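Given next are the chains, with one letter for each unit.
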Amino acid sequence: MLLPVIWLKNYVDIDFDTRVLADGLTDSGSHVESINNRAENIKNIIVGRIEKITEHPNADKLVICDINVGAKNLIIVTGAKNVFEGALVPVAIEGAFVYGGMEIALTDFRGVNSFGMLCSLEELGFEQSVIPKEDKDGILIFREEYELGSDVLEILDLYDEVIEFEITPNRPDCLSIIGMARETAASFDLELKQPSIVIENEVEDINDYVNGIEIQTENCHRYYSRVLKNVEIKPSPMWLQNALMAAGIRPVSNIVDLTNYVMLEYGQPLHAFDLSDLAGERIIVRDANEGEVLKTLDGVERTLSSSDVVIADGEKSIGIAGVMGGFNSEVKPETKTVLLEGANFDAKSVRLTAKKFGLRTEASNRFEKGIDHNYAMTAVERVCQLAEQIGAAEVVGGNIDVNNVVEETKEVVLRPERARSLLGISLDTETMLNYLNRLDIVSVLEGDVIKSTVPTFRNDILIEADLIEEIGRLYGFNNIVSQPIKGDLTRGTKPRFKNIEKIAKNVLRGIGYNELMTYSFISPKSYDKICLPKDSELRDYVKLINPLGEEYSSMRTTLVPNILDVFSRNLNRQIPEMYGYEFGNTFAKTGNGKSIELMKLVIGFYGEKDFYFLKESVEIVLKNLGIKDVRVERETENTIYHPGRCARLYAGDLELGYIGEIHPDVLDNYDIKKRVYISEINFYEVVELANDNIVYKPLPKYPSINRDLAFVLDSDILLSNVKDIALECSGDLLENFNVFDIYTGDQIGEGKKSVAFSLAFRAPDRTLVD
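Calculation criteria
Residues numbered from 1 in each chain as written. Predicted model: local features only at pLDDT ≥ 70, side-chain atom pairs only at ≥ 80, totals over all residues. Heavy atoms only, no water. Salt bridge = Lys/Arg side-chain N within 4 Å of Asp/Glu carboxyl O. Helix = DSSP H or I, 4+ residues; strand = E, 2+ residues; numbered from the N terminus. Buried < 20%, exposed > 50% of the residue type's maximum accessible area, 1.4 Å probe, protein only. 1 Å grid on protein atoms, 1.4 Å probe; cavity = no way out; pocket = protein on both sides within 12 Å on 5 of 7 lines; lining within 4 Å. Points joined across faces, edges and corners; volume = space filled by probe spheres on them. Nonpolar A, V, L, I, M, F, W, Y, C, P; charged D, E, K, R; others polar. Polar contact = N/O pair within 3.5 Å; in protein donor to acceptor, adjacent residues only side chain to side chain. Contact = heavy atoms within 4.5 Å. Axes fitted to C-alpha atoms, helices over the stretch in contact; angles between N-to-C directions. Left-handed = near helix turned anticlockwise from the far one by under 90°. Expected span 1.5 Å × (residues − 1). Pairing = 2+ DSSP bridges. Patch = residues over 30% accessible without salt bridge, like charges linked within 9 Å, V, L, I, M, F, W, Y side chains within 5 Å. Areas by Shrake-Rupley, 256 points an atom, 1.4 Å probe, with all protein chains shown as cover. Core = buried A, V, L, I, M, F, W, Y, C linked by side-chain atoms within 4.5 Å. Phe/Tyr/Trp six-rings, centres within 6.5 Å; stacked < 30°, edge-to-face > 60°. Lys NZ or Arg CZ within 6 Å of the ring centre and 35° of its normal. Arc of directions from axis to C-beta.

(A) Highlighting the pattern of salt bridges. Counted by the stated rule, this structure contains 47 salt bridges. Its salt-bridge partner being aspartate 277, residue lysine 332 comes within 2.5 Å of it at the nearest N-O pair. A residue pair is termed long-range when its members are at least 10 positions apart, and lysine 332 in the loop between strand S20 (324-325) and strand S21 (338-345) and aspartate 277 in the loop between strand S14 (270-274) and strand S15 (283-287) qualify at 55 residues. Classification of aspartate 277 as partly exposed rests on a relative accessible area of 22%.

(B) The layout of surface pockets, seen in detail. For the second largest pocket, the calculated volume is near 1,200 Å³. Lining the second largest pocket are 42 residues, and of these Val252, Val256, Asn260, His271 and Leu297 lie nearest its centre. Residue composition of the lining of the second largest pocket, by class: 23 nonpolar, 10 polar and nine charged.

(C) Representation of empty space enclosed by the protein. Under the definition given, this model contains three cavities of 30 Å³ or more. Taken as a whole, the largest cavity encloses approximately 70 Å³ of empty space. Looking at the lining of the largest cavity residue by residue, the class counts come to five nonpolar, three polar and two charged.

(D) Summary view of the side chain of aspartate 313. In this structure, aspartate 313 sits in the loop between strand S18 (309-312) and strand S19 (317-320). Here glutamate 315 takes part through its backbone nitrogen, which lies 2.8 Å from a polar atom of the side chain of aspartate 313. The residues touching aspartate 313, leaving out its near neighbours within four places in the chain, are Asp277, Leu278, Ala279, Arg282, Ile284 and Ile318.

(E) Main features of the packing of helix H13 (residues 496-511) against helix H16 (residues 611-624). At a closest axis distance of 9 Å, the pairing of H13 and H16 adopts a crossing angle of 145°. Handedness of the crossing formed by H13 with H16: right-handed. Counted together, Ile503, Ala504, Val507, Leu508 and Ile511 of H13 and Phe613, Ser617, Ile620, Val621 and Asn624 of H16 form the full contact between these two elements. Taken together, the residues of the contact of H13 with H16 sort by class into eight nonpolar, two polar and no charged.

(F) Fine view of H16. Taking 1.5 Å of rise per residue, the 14 residues of H16 would be expected to cover 20 Å, and the 20 Å separating its terminal C-alpha atoms lies within 8% of that figure. The N-cap residue of H16 is aspartate 610: its side-chain oxygen and the backbone nitrogen of tyrosine 612 are 3.1 Å apart.

(G) Summary view of the sheet that holds strand S39 (residues 752-761). Strand order in the open sheet made by the three strands is S37-S39-S38, with antiparallel pairing throughout. Of all strands in the sheet, those with a lone pairing partner are strand S37 (705-714) and strand S38 (734-743), marking the two edges. The average undirected angle you get between the axes of adjacent strands in this sheet is 20°. Where S37 meets S39, 10 bridges bridge the pair, whose relative direction is antiparallel. Its bridge partner being in S39, asparagine 706 is matched across the sheet by alanine 760. Packed onto the sheet, helix H19 (residues 719-730) meets S37, S38 and S39 and runs at close to 150° relative to S38.

(H) Examining the environment of methionine 117 more closely. Relative to the helices and strands, methionine 117 is located in strand S9 (residues 116-118). A relative accessible area of 18% means that methionine 117 is categorised as buried. Each C-alpha atom, one on methionine 117 and one on isoleucine 620, is 77 Å from the other, the two residues being 503 residues apart in sequence. When sequence neighbours within four positions are dropped, the list of residues in contact with methionine 117 reads Ile76, Pro90, Val91, Ala92, Val98, Met102, Ile104 and Glu123.

(I) Region of the structure containing a nonpolar patch on the surface. Together, Tyr519, Leu548 and Tyr552 make up a nonpolar patch on the protein surface, roughly 380 Å² of accessible area in all. Mapped onto the elements, leucine 548 comes out in the loop between strand S29 (542-543) and strand S30 (554-555). You can call leucine 548 exposed: its relative accessible area is 76%.

(J) Molecular detail of the sheet that holds strand S2 (residues 31-36). Ordered in space as S1-S10-S2, the three strands form an open sheet in which the pairing is antiparallel. Strands with a single pairing partner mark the edges of an open sheet, and in this sheet they are strand S1 (2-4) and S2. Strand-to-strand twist of the sheet, defined as the mean angle between neighbouring strand axes without regard to direction, takes the value 25°. The sheet contact formed by S2 and strand S10 (residues 162-166) spans five bridges and is antiparallel. Note that in S10 the partner of isoleucine 35 across the bridge is isoleucine 163.

(K) Structural view of the nonpolar core. The biggest cluster of nonpolar side chains holds 55 residues, and the ones touching the most others in it are Leu228 and Tyr261. Ranked by residue count, the leading element in this core is helix H9 (residues 375-389), at eight residues. With residues up to four places along the chain from it excluded, the contact list for leucine 228 reads Ile255, Lys336, Thr337, Val338, Leu340, Cys384, Ala387, Ala393, Glu394 and Val395. Within the second largest apolar cluster, 37 residues are counted, among which are Leu275, Ala343, Phe345 and Ala363.

(L) Summary view of the packing of aromatic side chains. Applying the stated criterion to the full structure yields 24 aromatic pairs. Measuring from centroid to centroid gives 6.0 Å for phenylalanine 521 and tyrosine 552, while their planes differ by 90°, and the two rings are edge-to-face. With phenylalanine 521 in strand S28 (residues 521-522) and tyrosine 552 in the loop between S29 and S30, the pair connects residues that are 31 residues apart, well separated along the chain. With centroids separated by 4.8 Å and ring planes inclined at 80°, the aromatic side chains of phenylalanine 583 and phenylalanine 683 adopt a geometry described as edge-to-face. Note that phenylalanine 583 is positioned in strand S31 (residues 578-589) and phenylalanine 683 in helix H18 (residues 683-689), a separation of 100 residues in sequence. Here phenylalanine 583 and phenylalanine 683 have matching classes, each one buried. Ring pairing ties together the aromatic residues Tyr513, Tyr579, Phe605, Phe613 and Tyr677, which thus form one cluster. For the cation-ring pair, arginine 182 lies above phenylalanine 457, with the distance from its terminal atom to the ring centre recorded as 3.8 Å.

(M) Molecular detail of H19. Here H19 contains 12 residues, and its C-alpha end-to-end distance of 16 Å stays within 8% of the 16 Å for a straight helix at 1.5 Å per residue. Those residues of H19 that fall on the buried side of the exposure criterion are Ser720, Val722, Ala726 and Ser730. The buried residues of H19 occupy an angular sector of 155° when the element is viewed end-on, so they sit on one face. Residues Ile725 and Glu728 are exposed on H19 and point more than 90 degrees away from its buried face. Contacts from the buried residues of H19 go to strand S33 (630-634), S37, S38 and S39. Within two residues after H19, glycine 731 carries a phi angle of roughly 65°, on the positive side.

Encoded structure:
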């Protein structure tokens, strides 16, 4: 939110520097994003009157202006098309600086010297988004009289700084100038001066103009309206335009600008309807009809559903409640009678509608957070007062107020001793009462407790702790001195699976793998990229209700797409080899409509190593976790992996996961031109089997006996089966079994392979003999 300091001063007497103001509000909980000094590096811009305009003798698109700046006349050449004799304009004289740091100097325009420059609002530092349409394509023409030679920066309030705040969603009351004025008054112990709303003259009666207002939906709590007649639509006074532009809103016309001004002032969105466009001169607030089409103020036709709320007249919808008005009832230059709307809509309904249509407006931003229903009346009355003051319209007598809100007094009890205990400071009760009352939280001491009546604009205060937080932030959390923790503390311990994970990480780093971290949500297309069958259980993923986008709309059921994305990205950046692992949660549906998290470990690489390096890496990790009896069995049905180079991983009878070379079709989908080897392991099963009770044995006293054996086997015999036979036949003497050579060729015949094993035997109590 943008807070012009000059506007804030209407409600709080501030006689200190803006930085002191910003620091004080930050200390009391209002986070300051930035302070914008809009006049910085801009100077010597003064008011001038164009006395005479002549054609440039050597340039068709330029004119020569004779400009009176008070003390003298200047000749200035310009290409602006909106200049005319008698116009008051901002003039940058020689030596002036305009926005962007450009210095103005004497310039020769095709034989004619120009002694300055006429300025547009953009050249004075205003963003294009806030410049009025009539001032967008030319220099600024003042519509009010100013003394020649007077300072333009002062006229446009540019010397006054603007503070940008980050307002948290629980404080919608701070999305207003008065809300921030209240925070300022409370933070600096100043008096808050709210506007005194008085309408001097009222004519006729509203019932002669409006045939009634009905609320036919539960999503509208209050609808307050008044009527303005003899409206004269024209540009707003300069002070009003300055305020809106400083707060980030483009001025449109006086009536529309007043509704925006009061919206910023009180935080209550308002709307003005051209009463002549309302069929039957009536308003109906209702749920939209399914498929109903409404053209909104931005010129877009939107198809509504029954979950949306609309403002309608006797025949048609004329606005989306709380979001945007309709194109068919907007205030136009010829508008003469206006119906003012101050309403209170259901926060959830507005939020869902705004999100569905992608319409984030100033109104929806406030309604969706929940606002005080009492401001519906206050804000409309304030618009009427200001419309009368600037001569924009006459105010019709009376109002129509349909109010379905049941007034309830919300009272919260605070124990001062509890506040002192939680805050850790010795604060007397009188100071606590002072802090709360400064925030307009009416509080009194009754016995040993403080009873606080919560104002309707503070919907975030519900319990005692909320009041304690209010006291703490006004005292200043920065003023609370840090203290060492006292008392007996039970030392926390990590869960067992975290200790097992730490051991595994240390082992993998030691082997040469780098840890990866990726998002838990992936694109549904990822399951196609890894070539999963249509009936694979891994495709039964959890869908996100509010995804960041289609690319992040599913909770992953496997870590393989993530690590392949990482490999693809690194390979595209000319990284020749990469070894990585990730511990990450995957998500699976359960039968009762819920989901569970399953931690998995994925290990993989591309580079010079092969399948056996990956297999050895997995075995080393499991061995260091005390898991023995690890074996692999051939797997040909897993479509992620190469059918002849994939295996299931077992520890005893428990399946741990897969290990293998990724299928070439999958690699093509990720644009990977190298072989990739990946193992995905169900880590919770590993934790279940892990034996972290390490038992040390003395170094062996007796030597080992090594034997190398080679056998010619059928090529389809699994070496793991051979190892099982060796272990079974060797009893406790076999200390190590290793395959060190596999040979196939013409010498041993087709369908055969020669396998060489290295075996180490050792007895703990004797030297073995042959």
